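Spelled out, the chains give:
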Amino acid sequence: MPRCRCSIPSSRGSGSSGNHYDRVGHLAQGFIPAIIAREILIRRDVISGANWRNFIIVSICLAFSAFYELIEWWVAVLTGSAADDFLATQGDIWDTQSDMALALTGAILALLLLSKLHDRQLARVG
């Protein structure tokens, strides 16, 4: 019988393997919006300095991640006992913090790995 995401054991705090799909999802939650935010900020010429722009991009990604965590919390409050199945925390009290740390890592990685390529593409477009 297929197992849902919520039945995969998570053991982030214990150092052993856990739910890697959740981790990849939260890493992408920072990685993907970072490039979208960068594109918008550059094309609209909102912030000219690269350091401030990167700070704002990371802040946008963290705000997006925090909002998602609030949605998870609201669902937990509304559903009561079904919250653990939805959240897949599996008793990890640091789940929200590690999710946001992964989003932060994803945003920073996107900026470090893709900024130069993105700049070249934007220069080509004009």
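In what follows, the structure referred to is the one given above.
Worth saying up front: this structure is predicted, and the values here are computed from it rather than measured. (Residues numbered from 1 in each chain as written. Predicted model: local features only at pLDDT ≥ 70, side-chain atom pairs only at ≥ 80, totals over all residues. Heavy atoms only, no water.)

Chemist: Outline the overall build of the chain, listing residues and values.
Modeler: Helix and strand counts for the chain come out as 4 helices and 0 strands. Along its sequence from the N terminus, the chain presents helices and strands in the succession α-α-α-α. Looking at the chain residue by residue over its 126 residues, the buried ones come to 32%. Expressed as a percentage of contacts within the chain between residues at least 6 apart in sequence, the contacts between residues at least 24 apart total 67%. (Helix = DSSP H or I, 4+ residues; strand = E, 2+ residues; numbered from the N terminus. Buried < 20%, exposed > 50% of the residue type's maximum accessible area, 1.4 Å probe, protein only. Contact = heavy atoms within 4.5 Å.)

Chemist: Mind laying out the pattern of salt bridges, listing which residues take part and the relevant values?
Modeler: For the structure on display, the rule yields 2 salt bridges. One salt bridge connects Asp119 with Arg38, and the closest N-O pair in it is separated by 2.8 Å. With a gap of 81 residues between them, Asp119 in helix α4 (residues 95-125) and Arg38 in helix α1 (residues 20-43) connect regions that are remote in the sequence. Between Glu39 and Arg43 there is a salt bridge; the shortest N-O distance is 2.4 Å. In this pair, Glu39 and Arg43 are both assigned in helix α1, 4 residues apart and thus about one turn of the helix distant. In this structure Glu39 comes out as partly exposed when scored by relative accessible area, which is 22%. (Salt bridge = Lys/Arg side-chain N within 4 Å of Asp/Glu carboxyl O.)

Chemist: How would you sum up the nonpolar core? Please name residues and give values.
Modeler: Listed in full, the 10 residues of the largest apolar core are Ala34, Ile35, Ala37, Leu41, Ile57, Val58, Cys61, Ala107, Ala110 and Leu111. Looking at this core, the elements that each hand over two or more residues are α1, α2 (50-79) and α4. Top contributing element to this core by residue count: α1, with 4 residues. Apart from residues lying up to four places away in sequence, Cys61 is in contact with Gly30, Pro33, Ala34 and Ala107. (Core = buried A, V, L, I, M, F, W, Y, C linked by side-chain atoms within 4.5 Å.)

Chemist: So what's going on with the packing of α2 against α4? Which residues, and what values?
Modeler: The geometry of α2 relative to α4 is characterised by a closest axis approach of 9 Å and an angle of 150 degrees between their N-to-C directions. Taken together, α2 and α4 sit at an angle that is classed as roughly antiparallel. In this structure, α2 meets α4 at a crossing whose hand is right-handed. Where α2 abuts α4, its residues Asn54, Ile57, Val58, Cys61, Leu62, Ser65, Ala66, Glu69 and Glu72 lie against Asp95, Thr96, Asp99, Met100, Ala103, Leu104, Ala107, Ile108 and Leu111. Each residue belonging to the contact of α2 with α4 can be placed in one class, and the counts come to 11 nonpolar, 3 polar and 4 charged. (Axes fitted to C-alpha atoms, helices over the stretch in contact; angles between N-to-C directions. Parallel < 35°, antiparallel > 145°, perpendicular 65-115°, else oblique. Left-handed = near helix turned anticlockwise from the far one by under 90°. Nonpolar A, V, L, I, M, F, W, Y, C, P; charged D, E, K, R; others polar.)

Chemist: Residues and numbers for the environment of Arg53, please.
Modeler: Structurally, Arg53 can be placed in helix α2. As a C-alpha pair, Arg53 and Arg38 span 15 residues in sequence and 7.6 Å in three-dimensional space. In this structure Arg53 touches Arg38, Leu41, Ile42, Ile47 and Ser48, once residues within four positions along its chain are discounted.

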